[in-house]
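# Geometric and topological summary
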There are 2 protein chains.
Amino acid sequence: MKLEIKQNILMEHLNYVIKGISNKNIIPILNCIKFELTNEGLYLLSTDNEIAIKTFIKKDDIENIDRCGDILVSGKFIYDIVRKLPNSTINIEEVVDNKIIITTSTSEFTLNCNNPSDFPNIDLEDSKNPIEINKTVLSNIIKQTSFATSTQESRPVLTGINFKINDNYLECTATDSYRLSKKVIELNSKVDEEVNIIIPTKNLIELTKLYSNDDDNILMHIFTNKVIFKFNNIIMMTKLINGNFPDTSKLIPTEFETKVVANINEYYNAIDRASLLTSEEEKNIINLELKGENMKISSNIPEIGNVEEHLNVKNEKGNNINIAFSSKYMMDAIKSLESDEIEILFNGEIKPIILKNPNSDDLIQLIVPIRTY
Amino acid sequence: MKLEIKQNILMEHLNYVIKGISNKNIIPILNCIKFELTNEGLYLLSTDNEIAIKTFIKKDDIENIDRCGDILVSGKFIYDIVRKLPNSTINIEEVVDNKIIITTSTSEFTLNCNNPSDFPNIDLEDSKNPIEINKTVLSNIIKQTSFATSTQESRPVLTGINFKINDNYLECTATDSYRLSKKVIELNSKVDEEVNIIIPTKNLIELTKLYSNDDDNILMHIFTNKVIFKFNNIIMMTKLINGNFPDTSKLIPTEFETKVVANINEYYNAIDRASLLTSEEEKNIINLELKGENMKISSNIPEIGNVEEHLNVKNEKGNNINIAFSSKYMMDAIKSLESDEIEILFNGEIKPIILKNPNSDDLIQLIVPIRTY
């Protein structure tokens, strides 16, 4: 393998594939990036066996392709070296004994490489009927649901986001069993077969770091054990989580005893301040008391002090209420709603609280209250 | 104590005194901020017994002084509460049982307080002849020398910066015994008595965070066991380190066998790239070889690879050289020099390397080479 390439072009693509390398990986070969130089261009590939990222630099963006071939080089070192080289032409040449030499006019790096045939064989072929989804829409789904994912490895299915597709509706759900986020969007076209998969949340978050939100679409190629995302010249594969995601369809009530609408900033700030006098060990518990249109948010740490926050809300329906919940969960839920007002729905003091934009049912946030008696 | 004050004014001053609270402190009283409300204004004071910070809000900047008095309140809680309150008027009132109530139109916080008489009595009186020093000049001294301070507690005197004043010259020195930074500046006036003190480096760094670099002066009131800095309406006290700072005056040679001048960016970038193939366990050792006007910087990690960097320098005097040193120490030293070129001075391969601006002797950086054979 031998080529000449501009530093900024190689760097842009190393920035993608470096995200496929886990720094916790103890298998040395998985800390490498595979360079595949063909007459059409240069492929870069990384994988930690859970995800894989592949990018392509087409020949027009390469100064000179002298000799095709594959190399397998330490991801950390090639990344740091190229990052610190000036923005000019870099020569990369494979020499005897599985070494590469990286040269510019003033620098000469020699790096020991691994045998490219030792690298895992990752199948990144297309599926028959990929799903098309707008980049910004996908980013929002992930941003608005991922925080509700469980971080406990004891129930693996809850560490992912459930993607269900039926007809032309995509429903994405995340829950840690104390709260739940559900977002529904309409796709441009119908699917032939129903989809019901669980994608690891941490990999979806990595995916959103690989692209900027323009109006282009991402293609989702769904298989039984993996999903492949394609966009620009980038391919990202993630394995799926095995198992059945809990059926949450009956969890979200359609009837409510109490319904109020609050200014979202006033409500958030009141909870944020009240949360100062809560402790994580006590689940950041705060109390909400509704009397007509007066809402009182309160909390206390006995040895420190207490706080009361008051705000006016529109009481659109129903009874007074006195309920307790985690301020942290409530703040996460509020932050996901992009509206000026928030609709807060109750069914008594022990049933889940529902939060949503008053003008839309696309995004539903659910929080299970905490019993304090 | 009872007052009304604008949130932004109280916040500005809490931002100063919060820096006097160590979050590692296990004595609860030292996690408090003392409020002293007099008819002239409000004093805020914090201390961890090593440093103390006192600020003053004059009565013109306070909406209403209702009742003078002292309170002692948890620094963390009052800071977070005021930070999260909106920018409007805050009422703070002491009530029975050592409690305060903090209210705005929508919020009411009640905080348990400590007895203000339990707070350490900190003497922050002026000395007779304070030293005046420009804020930017003091910041630069600290920035250009502090990194050479030792982080090892085994030799406490090396964890501070030595301030020596003689006539109208201030000489500041820091060393961890492997490298040394020395900066000399001229003061506006002479001192009557020689000064030779060691100020803890971490406290000097905290000091620079308390002010912005304008052209005003800071007053340094020096005592045998402490120094008090005064500027704007802020007082910061730090204890001094007991003991004698090593006499470093004979360490810096005045004659050199080899003298070269390099472009500072080219030299820094070559070292920075070569340091990629060094390891911290091996002291980040790199090699410098000078042949006439050709400088070669090289390093290697046997299992990974090696690097050679080449640059042209002006060889102003002397012999070829082959010397090894810590790339980290060299980069720290280069970064402290604010010039386009760097003068690098050698006396053979085992004597200290000196680095400086070719046009100035104010700042001297010294690095002890590492013997590799």
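Reading the values: the criteria
- Residues numbered from 1 in each chain as written.
- Chains lettered and ligands numbered in written order.
- Predicted model: local features only at pLDDT ≥ 70, side-chain atom pairs only at ≥ 80, totals over all residues.
- Heavy atoms only, no water.
- Contact = heavy atoms within 4.5 Å.
- Buried area = accessible area lost by both parts, 1.4 Å probe.
- Salt bridge = Lys/Arg side-chain N within 4 Å of Asp/Glu carboxyl O.
- Polar contact = N/O pair within 3.5 Å; in protein donor to acceptor, adjacent residues only side chain to side chain.
- Helix = DSSP H or I, 4+ residues; strand = E, 2+ residues; numbered from the N terminus.
- Nonpolar A, V, L, I, M, F, W, Y, C, P; charged D, E, K, R; others polar.
- Pairing = 2+ DSSP bridges.
- Least-squares fit on C-alpha atoms with pLDDT ≥ 70 in both.
- Axes fitted to C-alpha atoms, helices over the stretch in contact; angles between N-to-C directions.
- Disulfide = S-S within 2.5 Å.
- Buried < 20%, exposed > 50% of the residue type's maximum accessible area, 1.4 Å probe, protein only.
- Parallel < 35°, antiparallel > 145°, perpendicular 65-115°, else oblique.
- Left-handed = near helix turned anticlockwise from the far one by under 90°.

## Looking at the interface of chain A and chain B
Taken together, the contacts link 27 residues of chain A with 27 residues of chain B. When the two sides are added together, the surface that chain A and chain B hide from each other amounts to roughly 2,400 Å², 53% of it contributed by carbon and sulfur. In terms of surface lost to chain B, no three residues of chain A exceed Lys84, Arg273 and Leu276 of chain A, which account for 25% of the buried area on that side. Counting every contact that joins chain A to chain B gives two salt bridges. The residue lysine 84 of chain A makes a salt bridge to aspartate 272 of chain B at a minimum N-O spacing of 2.6 Å. Seen at the junction of chain A and chain B, the total is 20 residue pairs in polar contact (both at pLDDT 80 or more). Contributing elements (two or more residues each) for the side of chain A that touches chain B: helix H2 (75-84), strand S9 (107-112), helix H5 (264-274) and strand S21 (305-312) of chain A. Taken together, the residues that form the side of chain A that touches chain B break down as twelve nonpolar, seven polar and eight charged. Pairing analysis gives five bridges linking S9 of chain A to strand S21 (residues 305-312) of chain B, with the strands arranged antiparallel. In the sheet register, leucine 111 of chain A faces S21 of chain B, and the bridge partner there is glycine 305 of chain B.

## Digging into the relation of the copies chain A and chain B
For the pair chain A and chain B, the relating rotation is 180°, the translation along its axis is 0.0 Å, and the fit reaches an RMSD of 0.0 Å. Such a turn and shift between the copies fits a two-fold axis. When the interface residues of chain A are mapped onto chain B, 100% of them again fall at the interface, so both copies present the same face.

## Description of the sheet that holds strand S18 (residues 258-263) of chain B
Within a sheet, each strand pairs with its neighbour through backbone hydrogen bonds, oriented either parallel or antiparallel. Residue and element names in this part refer to chain B. Across the sheet, nine strands lie side by side as S14-S11-S12-S13-S26-S25-S24-S18-S22; this open sheet has antiparallel pairing. Here the strands that pair on one side only, and so sit at the sheet edges, are strand S14 (195-200) and strand S22 (314-317). In this sheet, adjacent strand axes meet at a mean angle of 20° when their direction is disregarded. Relative to S14, strand S11 (residues 160-166) runs antiparallel, the two sharing six bridges. Along S14, the bridge assignment pairs lysine 164 with asparagine 196. Docked against the sheet, helix H4 (residues 201-208) engages S11 and S14, running at close to 80° with respect to S14.

## A look at the sheet that holds strand S5 (residues 64-67) of chain B
In space, the nine strands of this open sheet follow the order S23(A)-S19(A)-S20(A)-S21(A)-S9(B)-S8(B)-S7(B)-S1(B)-S5(B), with antiparallel pairing throughout. Strands at the two margins of the open sheet, each flanked by one partner only, are strand S23 (321-326) of chain A together with S5 of chain B. When strand polarity is set aside, the average angle formed by the axes of neighbouring strands in this sheet is 15°. Looking at chain direction, strand S20 (residues 294-301) of chain A and S21 of chain A are connected through eight bridges and run antiparallel. In the strand pairing of S21 of chain A, methionine 295 of chain A is matched with leucine 311 of chain A. Lying over the sheet, H5 of chain A contacts strand S19 (285-291), S20, S21 and S23 of chain A together with strand S9 (107-112) of chain B, oriented at roughly 175° with respect to S21 of chain A.

## Quick word on the state of the cysteines
Residue and element names in this part refer to chain A. Scanning all chains against the criterion turns up zero disulfides over all chains. In this model cysteine 32 remains outside any disulfide bridge; the closest cysteine sulfur is found in cysteine 113, 7.9 Å from its own. Residue classification places cysteine 32 among the buried positions, given a relative accessible area of 3%.

## What about the packing of helix H3 (residues 135-145) of chain A against helix H4 (residues 201-208) of chain A?
Residues and elements named next belong to chain A. For the pair H3 and H4, the least separation of the axes is 10 Å and the interaxial angle reads 140°. Here H3 is positioned oblique relative to H4, judged by the angle of their axes. Of the two elements, H3 crosses H4, and the hand of that crossing is left-handed. Touching Leu138, Ser139 and Ile142 of H3 are Leu204, Ile205, Leu207 and Thr208, all from H4. Taken together, the residues of the contact of H3 with H4 sort by class into five nonpolar, two polar and no charged.

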